[in-house]
Amino acid sequence: MKKGEIFAGIVEELRFPDKGILYIEGEPVTVKHVLPGQKIRAAVGRRRKGKCEGRLLEVLEPSPLETEQNVCRHFGSCGGCCYQSVSYEKQLELKAAMVKGLIGNYCPDGVFEGIVGSPRSSNYRNKMEYSFGDAVKDGPLMLGLHKRGSFHDIVTVEDCRIADEDFQRILMGTLKLCQKEGLSFYRKMKHEGYLRHLLVRKAWKTGEILVALVTSGQTEGMENESAFLGQWICMMKALPLTGKLVGMLHMKNDGQADVVRSDQTTTLYGQDFFYEELLGLRFKITPFSFFQTNSSGAEVLYRMARDYIGETKDKLVYDLYSGTGTIAQVLAPVTRKVIGVEIVEEAVAAARENAALNGLSNCEFLAGDVLKTLDSIEEKPDLIVLDPPREGIHPKALSRILSYGVERIVYISCKLTSLARDLEAFAAGGYQIQRTCCVDMFPGTANVETVCLLSKLHADQHIEVEL
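Anyway, here's the lowdown on the structure attached to this text. Predicted model, so just to flag it, every value in this text is computed and none were measured. (Residues numbered from 1 in each chain as written. Predicted model: local features only at pLDDT ≥ 70, side-chain atom pairs only at ≥ 80, totals over all residues. Heavy atoms only, no water.)

Glancing now at the overall build of the protein chain. Helix and strand counts for the protein chain stand at 9 helices and 23 strands. Taking 467 residues into account, the globule formula puts the C-alpha radius of gyration at 23 Å, and the protein chain, at 24 Å, falls close to it. Here the analysis covers contacts within the protein chain between residues at least 6 apart in sequence; of these, 64% occur between residues at least 24 apart. Carbon and sulfur atoms make up 48% of the accessible area of the protein chain, which amounts to about 21100 Å² in all. Of the charged side chains in the protein chain, 57 are positive and 61 negative, and the gap between their average positions amounts to 3 Å. (Helix = DSSP H or I, 4+ residues; strand = E, 2+ residues; numbered from the N terminus. Rg over C-alpha atoms; globule rule 2.2 N^0.38 Å. Contact = heavy atoms within 4.5 Å. Areas by Shrake-Rupley, 256 points an atom, 1.4 Å probe, with all protein chains shown as cover. Lys, Arg positive; Asp, Glu negative; His and termini not counted. Charge placed at Lys NZ, Arg CZ, Asp CG, Glu CD.)

Encoded structure:
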């Protein structure tokens, strides 16, 4: 088949993260945003390393899996979700199958323990980063998420099914005010305009809400920025929210990258943080603190991690890629000591503050790259917990981790392909998966968390891996 050629076929399987496989003239073709059993029409795209990719044009016939009728009205146009037309039970089956397909070669018989669903399958997200823009070139102002496959176009997701319901009220209130004031949005290619992003965070247990409006410093054409921000405060305080608004921030970002960041932050109302509670612990969260986006699911995930690591009494645990120290603090009450290592200094400061808030004196948090920082720690670990970013563990850091030779390692992964790559190195280093399962932190989407307990093999044991 040639590039641009149109073809039709039935999707035969699904691979992580969102890739359907169908066969045209005996050749496998990968198409994103599809489901097994769908009959689709697509165009041949690029070929890379002998693999053919297609671009979805139309779903000709739905999949037998698509039994849900009451889906979000933005489903299909918004780039956020891909499984909303599938029952939650079937979503879990799809994700479990993808996990087994990718890491099954490293799992002895009987060690895969299936998937645990999120306690909340809708309105579960506690954090959203919305973008200002337009749906079509020179169209009216929009505020929401990017259209599927688009770098520029925005969908105003007022009926989003995965975000907390208060977020929709905040989104629409902010958008209507900005439309009324005739404000411009920041155009990424020209680097011109005012409105950039809206960041909303809400605690599951306490109900506290923190909101940040991100703009550029370009106020040309505005009569009075302070007056506008004053109107925004009044509008927000008048919204019928189920949670409690504890802070409103104005962030200025004049960087060219299309990311939520701040060059300068002003607290307009209340405070610049809020509190969340998980597993009996209290956490102070700032605008850019890393925290799981599904709080109810996080409790399930951390209970699972605590169960997997097993007996920790009188043991020293390394929590590597520790973020704001959530896992370390969950483990601290049942260990001798936990040492967390995290490269983001702001996260380390938050971890230290939260440990003090929870009265935990046996947590130590170090700021720095894992590979370099490990060499500065004199105390050697008895156990190791790993929760790396999406790209997984750097090969040199992985070699250093293997050199400790600890009996048990718990690896928590948010990206299966990175996990599969790292498991090959662990297998070569003498470790075998003893237990593994998935925890669905992201209903409606293709993402899933995976937890693996790796145990050190002894001289009379060996690993057989089919690659």
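Considering all chains together, one arrives at 6 aromatic pairs under this definition. Here the aromatic rings of Phe 273 and Tyr 275 are separated by 5.5 Å at their centres, their planes lie at 80°, and the arrangement is edge-to-face. For the pair shown, Phe 273 and Tyr 275 are each scored as buried. Look at Tyr 411 and Phe 426: their rings are 6.2 Å apart centre to centre, the planes differ by 75°, and that puts the pair in the edge-to-face class. In this pair, Tyr 411 sits in strand β21 (residues 408-413) while Phe 426 sits in helix α9 (residues 416-428), placing the two residues 15 residues apart along the sequence. Of the residues examined, Phe 426 reaches a relative accessible area of 1% and is grouped as buried. Connected via pairs of aromatic rings, a cluster forms that spans Tyr 411, Phe 426 and Tyr 431. Over the ring of Phe 151 we find Lys 188; its NZ or CZ atom is 5.1 Å from the centre of that ring. Over the aromatic face of Tyr 186 sits the side chain of Arg 196, whose NZ or CZ is 3.8 Å from the ring centroid. (Phe/Tyr/Trp six-rings, centres within 6.5 Å; stacked < 30°, edge-to-face > 60°. Buried < 20%, exposed > 50% of the residue type's maximum accessible area, 1.4 Å probe, protein only. Lys NZ or Arg CZ within 6 Å of the ring centre and 35° of its normal.)

So, about the sheet that holds strand β10 (residues 154-155). The mixed open sheet is built from 7 strands, whose spatial order is β10-β9-β8-β11-β12-β13-β14. The open sheet has two edge strands, β10 and β14 (264-270), and neither has a second partner. As paired elements, strand β9 (residues 141-146) and β10 share 2 bridges and run antiparallel to each other. Directly across from His 146, in β10, lies its bridge partner Ile 154. Helix-sheet contacts for helix α2 (residues 165-180) involve β8 (127-134), β9, β11 (195-202) and β12 (208-215), and the interaxial angle to β11 is about 155°. Contacting β11, β12, β13 (244-252) and β14, helix α3 (residues 225-238) crosses the sheet at an angle of about 160° to β13. (Pairing = 2+ DSSP bridges. Axes fitted to C-alpha atoms, helices over the stretch in contact; angles between N-to-C directions.)

On to the pattern of salt bridges, then. Enumeration according to the criterion identifies 26 salt bridges in this entry. Between Arg 47 and Glu 27 there is a salt bridge; the shortest N-O distance is 2.6 Å. On the criterion of sequence distance, the pair formed by Arg 47 in strand β5 (residues 39-48) and Glu 27 in strand β4 (residues 27-32) is long-range, its members being 20 residues apart. Using a relative accessible area of 41% as the deciding quantity, one classes Arg 47 as partly exposed. With relative accessibility at 21%, the residue Glu 27 sits in the partly exposed group. A salt bridge links Glu 299 to Arg 303; the shortest N-O distance between them is 3.9 Å. (Salt bridge = Lys/Arg side-chain N within 4 Å of Asp/Glu carboxyl O.)

The quantities given are spatial measurements derived from coordinates; they are silent on function.
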